[in-house]
Protein chains: 2
Amino acid sequence: MTSTKKEVCIAVIGAGGVGSVFVEQLAWLAKNEKTTRLKLCYIADIDRALYHDDYSELDIGSALETLQKQGRDPPSLDKIIDYLSGAPHKTIVADNTSSQAIASAYPSFLRRGISIITPNKKAFSGDYKLWREIFDATTPIGPFVYHESSVGAGMPIISTINDLVNTGDEVTRIEGVFSGTLSVLFNSFAPTSGNGGTWSAEAVKAKDLGYTEPDPRDDLNGLDVARKITILGRLAGLSIESPTAFPVQSLIPQELEGIPNASEFLKRLPEFDSVMEEHKKVAEEAGKVIRYIGSVDVTTGQAKVGLELFEPTHPIAMLQGSDNIISFYTKRYGKMPLTIRGAGAGGQVTAMGVLGDLLKIISQM
Amino acid sequence: MTSTKKEVCIAVIGAGGVGSVFVEQLAWLAKNEKTTRLKLCYIADIDRALYHDDYSELDIGSALETLQKQGRDPPSLDKIIDYLSGAPHKTIVADNTSSQAIASAYPSFLRRGISIITPNKKAFSGDYKLWREIFDATTPIGPFVYHESSVGAGMPIISTINDLVNTGDEVTRIEGVFSGTLSVLFNSFAPTSGNGGTWSAEAVKAKDLGYTEPDPRDDLNGLDVARKITILGRLAGLSIESPTAFPVQSLIPQELEGIPNASEFLKRLPEFDSVMEEHKKVAEEAGKVIRYIGSVDVTTGQAKVGLELFEPTHPIAMLQGSDNIISFYTKRYGKMPLTIRGAGAGGQVTAMGVLGDLLKIISQM
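Please read all numbers here as calculations on a predicted model, not as lab measurements. (Residues numbered from 1 in each chain as written. Chains lettered and ligands numbered in written order. Predicted model: local features only at pLDDT ≥ 70, side-chain atom pairs only at ≥ 80, totals over all residues. Heavy atoms only, no water.)

**Notes on the pairing of strand β10 (residues 323–330) of chain B**
Residues and elements named next belong to chain B.
No. 1: Within β10, 8 of the 8 residues are buried, which leaves the element mostly enclosed by the surrounding structure.
No. 2: Along β10, one buried face is formed by Asp323, Ile325, Ser327 and Tyr329 and the opposite face, lined by Asn324, Ile326, Phe328 and Thr330, is buried too.
No. 3: Here strand β7 (residues 171–177) runs beside β10; their pairing, made up of 6 bridges, is antiparallel. Looking at β10, one finds that Ile174 is bridged to Phe328.
No. 4: Summarising the sheet, β10 and strand β11 (residues 338–343) pair through 6 bridges and their orientation is antiparallel. Across the sheet, the residue bridging to Ile325 is Arg341, located in β11. (Buried < 20%, exposed > 50% of the residue type's maximum accessible area, 1.4 Å probe, protein only. Helix = DSSP H or I, 4+ residues; strand = E, 2+ residues; numbered from the N terminus. Pairing = 2+ DSSP bridges.)

Spelled out as structure tokens, the structure:
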């Protein structure tokens, strides 16, 4: 049956936490995929690239190691697009970076017939113009863009909202906890029973356990959550201009915004524990707990990200560990939403979402 | 652009609670679908069928009404298959019945190139031999079988387990509340706080509110849940022989199994309230609540359906209304499962799952 397999050229950009796991999962899939021969024809990290001018196949199993040893300087984005559009097969780029530059080039990839799969939020949550350019460059018979892991990692969030919209349901509201970091922080700072720790101590603990970005302020500023809300709001039909076009409550005290590094920031954070303690007290007095959520009311077009109070029995209040939870309120689902909960970050589940996107594309090729 | 649209012939079998809503949703989709012209070429309920020998298109908007007024005697399944396989376009059958006879004919439809979309559990949860015949008759380029609404209605349950398996994750355990009827019954009989009603009174109330099958014993015997567990267990890789091949705890007292009708059954149910009260008491003494769940331990191959005790803070215990909840424990998700919660029954959400399946097929045609 080998001779009847269609062939697809895969280009992987990014070989970090997600990218390296993606390559491992791709090696598994290439062995198990029955209809399509998945040929790795390009792999790159920020410093190196590995590819053959004649598009001959790279061995997926050893690609990461060979990239480190024999990678050449990566070509410019224009050159990568030229190279890939000359491939003898249909081509899919897995952008496993969080690069704005690569995201901004998606329309150029697509216009040359190259499909995109990616967990990179930048393209879908930046300027609305880029969003439009990207989706204007796709067609129902390809090239395709899939970005399941841009919200909630491998959980079926993007596919679910697309299915709701494409079958004619009316999404009225989306809300949830979209940050694993802020989930773990609030679940331990303001648990539904017991006292919880102080804010700054929990922040340090979360960093030490590897839950935060290298600089925790990249979680605390709320921009990551705002990006996810932007994506979901747009998929629900809103023309949200950018992730800063609606209220986003930053948890970084103004006085600490200019601090040059993360450790200095964490050292001074206890000075502001009383502010968060006051929030917690107000919640407790109302018999509630405080959580950091993103929401978009699709009917009114209002998006917002920040602190809100919840009954202790609310699914958002009862979240555990670093889980995300995302609820879709729709006309067909009625009063009770469709809710999806689970790990919204991590290399394995993020890469799996990208691999699932790959399967969706090859089924349509 | 009309001339470049591909054309697909849709046959709808069943015009009841799900089927009639499906036809409404199909009318919406036919107006909005950009790449494919969806032509209704056959529609039937149990007594009537509407179709033209020359395959000319039926008006979707008036099809249900015309079926009632002008429908002829429905042809035999063999004749339907003959008719559809002669259509000038690729054909998709939406089986919106719960008929075993139609389910058993899926392999015959598929072998003649006709794709299937359906919420009908029978084909996927009956004899394992039928399951094998069905999937042996599909290929990655069609004909296709999609059955999202066979578990959890329109919620992304089937697509999620397929994505997990197809991307190489290892599903280790699936558990959940799979019956809207039993969900509402246990949530009111044994709430996480307060006392709850008596078992028989809650059963009568659930029937009066329209939550149960016409004969509530069809919910209480557990077979519907066992069918869903069979489907998920098989998709996770187990060769479960049938929905009666593993322990299923029936909530129908043995003495009432032979009662001829539902109202007589409900009249005598209070005689057995003490049995359920005892279950509730045991749970309470352990600080827990009682729920009716289905589970399959994929590692050991053990499936089971019946009563289990849960901490009051467990998501299964905290379920509300008639919601379903389904959790997938997998290697990549680790300790905390991927959980999906929402309405698992109802015409709108069930039909929407079938319509989503239709979209999946036409994207691959």
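**A short note on the confidence of the model for chain A**
As a general rule, the predicted coordinates of low-pLDDT regions are not to be interpreted in detail.
No. 1: Looking at chain A, the pLDDT average stands at 96 and 99% of residues meet or exceed 70.
No. 2: Confidence estimates for the predicted assembly give a pTM of 0.97 and an ipTM of 0.96. (pLDDT = per-residue confidence, 0-100.)

**A closer look at the interface of chain B and chain A**
It is common to give the size of an interface as the accessible area lost on bringing the parts into contact.
No. 1: On the side of chain A, 40 residues touch chain B, which itself brings 40 residues to the contact.
No. 2: Summing both partners gives a buried area of about 3,100 Å² for chain B against chain A, and 66% of it is carried by carbon and sulfur.
No. 3: When the buried surface of chain B facing chain A is broken down by residue, B:Arg332, B:Tyr333 and B:Met352 rank first, second and third, together holding 19% of it.
No. 4: For the pair chain B and chain A, the interface holds 2 salt bridges.
No. 5: Here B:Asp163 makes a salt bridge to A:Lys360, at a shortest N to O gap of 3.9 Å.
No. 6: Sorting the residues of the side of chain B that touches chain A by element identifies α1 (17–32), α8 (158–166), β11 and α15 (347–364) of chain B as the ones contributing at least two each.
No. 7: When the residues that make up the side of chain B that touches chain A are grouped by side-chain class, the tally is 19 nonpolar, 15 polar and 6 charged. (Contact = heavy atoms within 4.5 Å. Buried area = accessible area lost by both parts, 1.4 Å probe. Salt bridge = Lys/Arg side-chain N within 4 Å of Asp/Glu carboxyl O. Nonpolar A, V, L, I, M, F, W, Y, C, P; charged D, E, K, R; others polar.)

**Let's talk about the UniProt feature "domain: Homoserine dehydrogenase catalytic" (unreviewed entry) in chain A**
No. 1: Within this structure's numbering, the places UniProt gives as "domain: Homoserine dehydrogenase catalytic" (unreviewed entry) are residues 156–359 of chain A.
No. 2: The straight-line gap between the two end C-alpha atoms of residues 156–359 of chain A is 14 Å; of that span, 39% is helix and 19% is strand. (UniProt positions renumbered as here; feature names shortened; annotations may be inferred.)

**Overview of the UniProt feature "binding site: L-homoserine" (unreviewed entry) in chain A**
Residues and elements named next belong to chain A.
No. 1: Those places that UniProt annotates as "binding site: L-homoserine" (unreviewed entry) correspond, in this numbering, to Glu213.
No. 2: Classification of Glu213 as partly exposed rests on a relative accessible area of 40%.
No. 3: In this view, Glu213 contacts Asp218 and Asp219; residues no more than four positions away in its chain are not counted.

**Observations concerning α1(B)**
No. 1: Here α1(B) contains 16 residues, and its C-alpha end-to-end distance of 23 Å stays within 8% of the 22 Å for a straight helix at 1.5 Å per residue.
No. 2: Every buried residue of α1(B) is accounted for by B:Val18, B:Gly19, B:Ser20, B:Val21, B:Phe22, B:Val23, B:Gln25, B:Leu26, B:Ala27 and B:Leu29. (Expected span 1.5 Å × (residues − 1).)

**Digging into the relation of the copies chain B and chain A**
No. 1: For these two chains of identical sequence, chain B goes onto chain A by a turn of 180° and a shift of 0.0 Å along the axis, with RMSD 0.0 Å. As the rotation angle and translation indicate, the two copies are arranged about a two-fold axis.
No. 2: With an isologous cut-off of 70% or more, the 100% of interface residues of chain B that recur at the interface of chain A puts this contact in the isologous class. (Least-squares fit on C-alpha atoms with pLDDT ≥ 70 in both.)

**Overview of the packing of α1(B) against α15(B)**
Two packed helices can be described by the angle between their axes and the distance between those axes.
All names here are of chain B.
No. 1: Two elements in contact, α1 and α15, have axes whose closest approach is 8 Å; the angle formed by their N-to-C orientations is 50°. On the basis of the axis angle, α1 is oblique to α15. The chirality of how α1 crosses α15 is right-handed. Along its contact with α1, which presents Gly17, Val18, Val21, Phe22, Glu24, Gln25, Leu26 and Leu29, the element α15 presents Gly347, Gln348, Thr350, Ala351, Met352, Val354, Leu355, Leu358 and Leu359.
No. 2: For the contact of α1 with α15, the residue count by class is 11 nonpolar, 5 polar and 1 charged. (Axes fitted to C-alpha atoms, helices over the stretch in contact; angles between N-to-C directions. Parallel < 35°, antiparallel > 145°, perpendicular 65-115°, else oblique. Left-handed = near helix turned anticlockwise from the far one by under 90°.)

**So, the state of the cysteines**
All names here are of chain A.
No. 1: Applying the stated rule across the entire model yields 2 disulfides over all chains.
No. 2: Paired by a disulfide, Cys9 and Cys41 hold their sulfur atoms 1.9 Å apart. An S-S torsion of about 55° defines the bridge between Cys9 and Cys41 as right-handed. Of this pair, Cys9 sits in strand β1 (residues 6–13) while Cys41 sits in strand β2 (residues 36–44), and the two are 32 residues apart along the sequence.
No. 3: Given a relative accessible area of 3%, Cys9 falls into the buried group. (Disulfide = S-S within 2.5 Å.)

**Thoughts on the packing of aromatic side chains**
Residues and elements named next belong to chain A.
No. 1: Tallied over the entire structure, the rule returns 26 aromatic pairs over all chains.
No. 2: Between the aromatic rings of Phe124 and Trp131, the centroid separation amounts to 6.4 Å while the plane-to-plane angle is 90°, which identifies the pairing as edge-to-face. The burial state of Phe124 is the same as that of Trp131; both residues are buried.
No. 3: On the numbers, 6.2 Å between centres and 50° between planes, the contact of Phe124 with Phe135 is tilted. (Phe/Tyr/Trp six-rings, centres within 6.5 Å; stacked < 30°, edge-to-face > 60°.)

**Details of the side chain of A:Ser179**
No. 1: Structurally, A:Ser179 can be placed in the loop between β7 (171–177) and α9 (180–189).
No. 2: In this structure the side chain of A:Ser179 is engaged in a polar contact, spanning 3.3 Å, whose partner is the backbone nitrogen of A:Thr181. (Polar contact = N/O pair within 3.5 Å; in protein donor to acceptor, adjacent residues only side chain to side chain.)

**A word on the pattern of salt bridges**
No. 1: Tallying each qualifying case throughout the model produces 37 salt bridges over all chains.
No. 2: In this structure, the salt-bridge partner of A:Glu202 is A:Lys205, at a minimum N-O distance of 3.3 Å. Highlighted residues: A:Glu202 and A:Lys205, both in helix α10 (residues 199–208), separated by 3 residues, approximately one helical turn.
No. 3: Judged by relative accessible area, which is 45%, A:Lys205 ranks as partly exposed.
No. 4: Among the salt bridges present, the one from B:Glu271 reaches B:Arg268, with a minimum N-O distance of 2.9 Å.
No. 5: Since its relative accessible area comes to 27%, B:Arg268 is described here as partly exposed.
No. 6: When salt bridges that share partners are traced, they join A:Glu7, A:Arg37, A:Lys39 and A:Glu57 into one network.

**Details of the sheet that holds strand β5 (residues 115–117) of chain A**
All names here are of chain A.
No. 1: Strand order in the open sheet formed by 6 strands is β3-β2-β1-β4-β5-β6, with mixed pairing between adjacent strands. Two strands bound the open sheet, and with one partner strand each, they are β3 (49–50) and β6 (145–146).
No. 2: As judged from the 8 bridges shared by β1 and β2, these two strands associate in the parallel manner. Across the sheet, Lys6 pairs through a bridge with Thr36, a residue of β2.
No. 3: Seen against the sheet, helix α1 (residues 17–32) touches β1, β2, β4 (90–95) and β5 and runs at an angle of roughly 155° to β2.
No. 4: Relative to β5, helix α15 (residues 347–364) is tilted by about 155°, and along the sheet it contacts β1, β2, β4, β5 and β6.

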